[in-house]
Amino acid sequence: MKRMIGLIVVLLGFLGFAFVTTSKPEAAKPKKQVQTVGILQLMSHPALDAIHKGIIAGLKDEGYTVGKNVKIDFQNAQNDQSNMKTMSERFVNEKADAMIGIATPSAQALADASKKIPIVLGAITDPKGAGLVQDNQKPGGNITGVSDQAPLKAQLKLVRKLMPNAKRLGVISTSSDASAQVQAKMVTKVAPAEGFTVKNFTIASTNDLHQVAAQMVTQVDAIFVPTDNTIAGAMPTLVQVANSRNIPVFPTVDTMVKDGGVATLGLNQYQLGVETGKMTAAILNGKDPATTPIHFEKKGKLIINLKQAAKIGLTIPDSVIKDAEKNGEVIK
């Protein structure tokens, strides 16, 4: 009997020890010496390329140096949906520690590929509207990032200041670009307050741009281009057609002014990339995307292209030039 009681005591002691040891929380996994970040870029053009460069700089600012403690797997989809799907799956298969989508279609492809790997939006105009987050302040899932929502009201005020007698504003955008369509609708809504009648024009691809632009320049006094990656990649075509009628083009993006736009209060694409890189570093360090608000840049940079203005016979007021020289950029 004593022997049986002794066995029971030993057995209970063993079970108690096993319970204690197995119920302890799992120790946190040590951070990898080299972490992998997959970057998916929609296509090549100056604005998106600037964001990519900024991302690398932002990561470095936060202590992540390529070749030392972070590996960058950069993939350019060249505006091909099938490429975006394949490249997104590549990041998942290689167990990337974080993924970055430059432009809305890239981010959407990454979101379709994984609900677990942290995803950082590299300058996405309308994250909530694109279905990428539940809320811009509390994203709620594995996605957060940076928005490139342009200060549209301020940009339209600039157009009015440079063209006090203009009445008809043409807005051109790509039909499949969700962010561009959101901005086109916003411009249509707010432009009448500045005295503009808006005429909307859409293209399906760059193949349509010349023909649609040729129709547009016969019907408008000025052209406004929202944040649109397809048109940004074919900006010289739009400018060439607009120049034939001396119609000024006002884009939302700084790099598009350098490609022939007249002026903008545009967001600095490189700086948007820097913010994206810094946010990615914070997530690699353990920050939760679900509770990290979307970052919005609140102030645009005044950029004036005097060379382009002179080409089409548009006079820029001295006050605007001085403002750009002091607080922005003047292209001569």
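Quick note: structure is the one above.
Residues numbered from 1 in each chain as written. Predicted model: local features only at pLDDT ≥ 70, side-chain atom pairs only at ≥ 80, totals over all residues. Heavy atoms only, no water.

A word on the nonpolar core
Step number 1: In terms of nonpolar packing, the biggest core is built from 43 residues, with Leu40, Leu121 and Leu132 touching the most fellow members.
Step number 2: Counting only elements with at least two residues in this core, the list comes to β1 (35-41), α2 (46-61), α3 (81-93), β3 (98-102), α4 (104-113), β4 (119-122), β5 (143-147) and α11 (269-284).
Step number 3: When residues of this core are assigned to their parent elements, the largest contribution, five residues, is made by α11.
Step number 4: Sequence-distant contacts of Leu121, defined by excluding residues within four places in its chain, comprise Gly101, Ala107, Pro127, Leu132, Ile143, Thr144, Gly145, Val146, Thr276 and Ile294.
Step number 5: Residues Met163, Phe196, Ala263 and Ala324 belong to the second largest nonpolar core, which totals 30 residues. (Core = buried A, V, L, I, M, F, W, Y, C linked by side-chain atoms within 4.5 Å. Buried < 20%, exposed > 50% of the residue type's maximum accessible area, 1.4 Å probe, protein only. Helix = DSSP H or I, 4+ residues; strand = E, 2+ residues; numbered from the N terminus. Contact = heavy atoms within 4.5 Å.)

As for the packing of helix α7 (residues 206-216) against helix α9 (residues 235-243)
Step number 1: Closest axis-to-axis distance for the α7/α9 pair is 9 Å, and the angle between their directions is 30°. Looking at the two axes, α7 sits roughly parallel to α9. By crossing handedness, the relation of α7 to α9 is classed as right-handed. Together, Leu209, His210, Ala213, Ala214 and Met216 of α7 and Thr237, Leu238 and Val241 of α9 make up the contact between the two elements. (Axes fitted to C-alpha atoms, helices over the stretch in contact; angles between N-to-C directions. Parallel < 35°, antiparallel > 145°, perpendicular 65-115°, else oblique. Left-handed = near helix turned anticlockwise from the far one by under 90°.)

What to know about the sheet that holds β3
Step number 1: Pairing within the open sheet is parallel, and its six strands lie in the order β2-β1-β3-β4-β5-β11. Each of the sheet's edge strands pairs with one partner strand only, and the pair in question is β2 (70-76) and β11 (295-296).
Step number 2: Pairing between β3 and β4: four bridges, direction parallel. By the bridge assignment for β4, Ile102 is matched with Gly122.
Step number 3: Its contacts with the sheet put α2 on β1, β2, β3 and β4, and the angle it makes with β1 is roughly 165°. (Pairing = 2+ DSSP bridges.)

Observations concerning the sheet that holds strand β10 (residues 263-266)
Step number 1: One open sheet accounts for three strands, arranged β10-β12-β13; its pairing is mixed. The open sheet has two edge strands, β10 and β13 (329-331), and neither has a second partner. Looking at each pair of strands side by side, their axes are set apart by 15° on average, direction ignored.
Step number 2: In terms of strand pairing, β10 meets strand β12 (residues 301-305) through four bridges, oriented antiparallel. Within β12, the residue paired with Gly266 across the bridge is Lys301.
Step number 3: Its contacts with the sheet place helix α13 (residues 318-327) against β12 and β13, and it is angled at close to 125° to β12.

Focus on the pairing of strand β8 (residues 222-225)
Step number 1: Where burial is concerned, the two faces of β8 agree: the one with Ala222 and Phe224 and the one with Ile223 and Val225 are both buried.
Step number 2: Both strand β6 (residues 168-174) and β8 contribute to a ladder of three bridges, which runs parallel. Bridge pairing in β8 places Leu169 opposite Ala222.

Topic: helix α6 (residues 178-190)
Step number 1: Between its first and last C-alpha, α6 extends 19 Å over 13 residues, near the 18 Å set by a 1.5 Å rise per residue.
Step number 2: Next to the buried residues of α6 lie α4, α5 (152-162), β6, β7 (197-203) and β8.
Step number 3: The backbone nitrogen of Ser179 has a side-chain oxygen 3.1 Å away, supplied by the residue at the start of α6, namely Asp177. (Expected span 1.5 Å × (residues − 1). Polar contact = N/O pair within 3.5 Å; in protein donor to acceptor, adjacent residues only side chain to side chain.)

Some thoughts on the packing of aromatic side chains
Step number 1: The full count for this structure, using the stated rule, is zero aromatic pairs.
Step number 2: Geometry around Phe196 places Arg160 over its ring, the cationic atom sitting 4.0 Å from the centre. (Phe/Tyr/Trp six-rings, centres within 6.5 Å; stacked < 30°, edge-to-face > 60°. Lys NZ or Arg CZ within 6 Å of the ring centre and 35° of its normal.)

Remarks on the side chain of Thr255
Step number 1: The residue Thr255 is located in helix α10 (residues 254-258) in this model.
Step number 2: Look at Thr255 and you get buried, because its relative accessible area is 12%.

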